[in-house]
Amino acid sequence: MISARMKPQVVKLITPLCRVLLKIGVTPDLMTILGTTIVVIGSFTLLAKGEIAASLIIIGLALLTDLLDGTMARISDKGPTKWGNFLDSTLDRISDAAVLIGLALYLHTQGDSLFIAAIITIASSSLVPYARAKAESLGIECQGGFAERSERLLLLGVAGVLHLFGFTWAIDAGVWILLISSLLTVAQRMAIVWRATR
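Residues numbered from 1 in each chain as written. Predicted model: local features only at pLDDT ≥ 70, side-chain atom pairs only at ≥ 80, totals over all residues. Heavy atoms only, no water.

### Comments concerning the layout of surface pockets
Considered as a void within the structure, the largest pocket measures approximately 1,600 Å³ in volume. Residue assignment for the lining of the largest pocket shows that the elements contributing at least two residues are α1 (2-23), α2 (28-45), α3 (52-75), α4 (82-109), α5 (114-137) and α6 (149-164). Considering every element that reaches the lining of the largest pocket, the biggest residue donor is α4, with 8 residues. Across the lining of the largest pocket, the residue classes tally to 15 nonpolar, 14 polar and 17 charged. (1 Å grid on protein atoms, 1.4 Å probe; cavity = no way out; pocket = protein on both sides within 12 Å on 5 of 7 lines; lining within 4 Å. Points joined across faces, edges and corners; volume = space filled by probe spheres on them. Helix = DSSP H or I, 4+ residues; strand = E, 2+ residues; numbered from the N terminus. Nonpolar A, V, L, I, M, F, W, Y, C, P; charged D, E, K, R; others polar.)

Right, dumping it as structure tokens:
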């Protein structure tokens, strides 16, 4: 929802940078792999140890590289490729899971039972893109919902910022909101497919 409204403006802003990256030999696939690598390493070495401020940078990079690789693919000479699309989608799932696993590990070391909700959220979040992919494999358009990828990462980022400013309940709230909104989004997409198949 938010990403669909803001994406055109953000893409326009980052397009010059994308052109420079392509010119110096950085490919969309390389950007995808680089972004995922940074997120995975950061999640397990920083977020898992409670380094919230540094982790926010990692989440920001996840959002940025996700926009960069897609824009680079669209404006490159080759254009978007099926392999690039598959690679991006697959590594996005790895990045998303890494962030939540890192958070779950941190919560577990703190003796916070919220780590169970964080683990469940890994599964519920992965169902959001799966529901869309399965629907589209059946020829049904299935976009939108409360919690697309950008919204999920933004929610965790906001929760982290609030936590840094002393709102100790923010991470708890963020995890629960993410879990519930992910489930609602899956339900929305199931409803879209149900209506389309009647």
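### As for the packing of aromatic side chains
What the rule picks out here adds up to 2 aromatic pairs. Ring geometry for Phe167 against Trp169: centres 5.7 Å apart, planes inclined by 70°, an arrangement best described as edge-to-face. Judged by its relative accessible area of 38%, Phe167 falls in the partly exposed class. For Trp169, a relative accessible area of 49% gives the class partly exposed. (Phe/Tyr/Trp six-rings, centres within 6.5 Å; stacked < 30°, edge-to-face > 60°. Buried < 20%, exposed > 50% of the residue type's maximum accessible area, 1.4 Å probe, protein only.)

### Regarding the packing of α2 against α4
Axis separation between α2 and α4 bottoms out at 8 Å; the angle between their running directions is 10°. In terms of axis orientation, α2 runs roughly parallel to α4. Side by side, α2 and α4 meet where Asp29, Thr32, Ile33, Thr36, Val39, Val40, Ser43 and Phe44 of the first sit next to Trp83, Gly84, Leu87, Asp88, Leu91, Ile94, Ser95, Ala98, Val99, Ile101, Gly102 and Leu105 of the second. Counted by class, the contact of α2 with α4 contains 12 nonpolar, 6 polar and 2 charged residues. (Axes fitted to C-alpha atoms, helices over the stretch in contact; angles between N-to-C directions. Parallel < 35°, antiparallel > 145°, perpendicular 65-115°, else oblique. Contact = heavy atoms within 4.5 Å.)

### A closer look at α6
A turn of α-helix holds 3.6 residues, and therefore any two residues three or four places apart point the same way. In a regular helix each residue adds 1.5 Å, so 16 residues correspond to 22 Å; α6 covers 23 Å between its end C-alpha atoms and thus fits that length. Considered for burial, the residues of α6 that qualify are Arg149, Glu151, Arg152, Leu153, Leu156, Gly157, Ala159 and Gly160. Positive phi appears at Gly166, one or two residues downstream of α6, with a value of about 100°. (Expected span 1.5 Å × (residues − 1).)

### Side note on the environment of Val40
Relative to the helices and strands, Val40 is located in helix α2. Residues Val40 and Gly102, spaced 62 residues apart in sequence, show a C-alpha to C-alpha distance of 8.7 Å. Those residues within four positions of Val40 in sequence are excluded, and the remaining contacts are Ile94 and Ala98.

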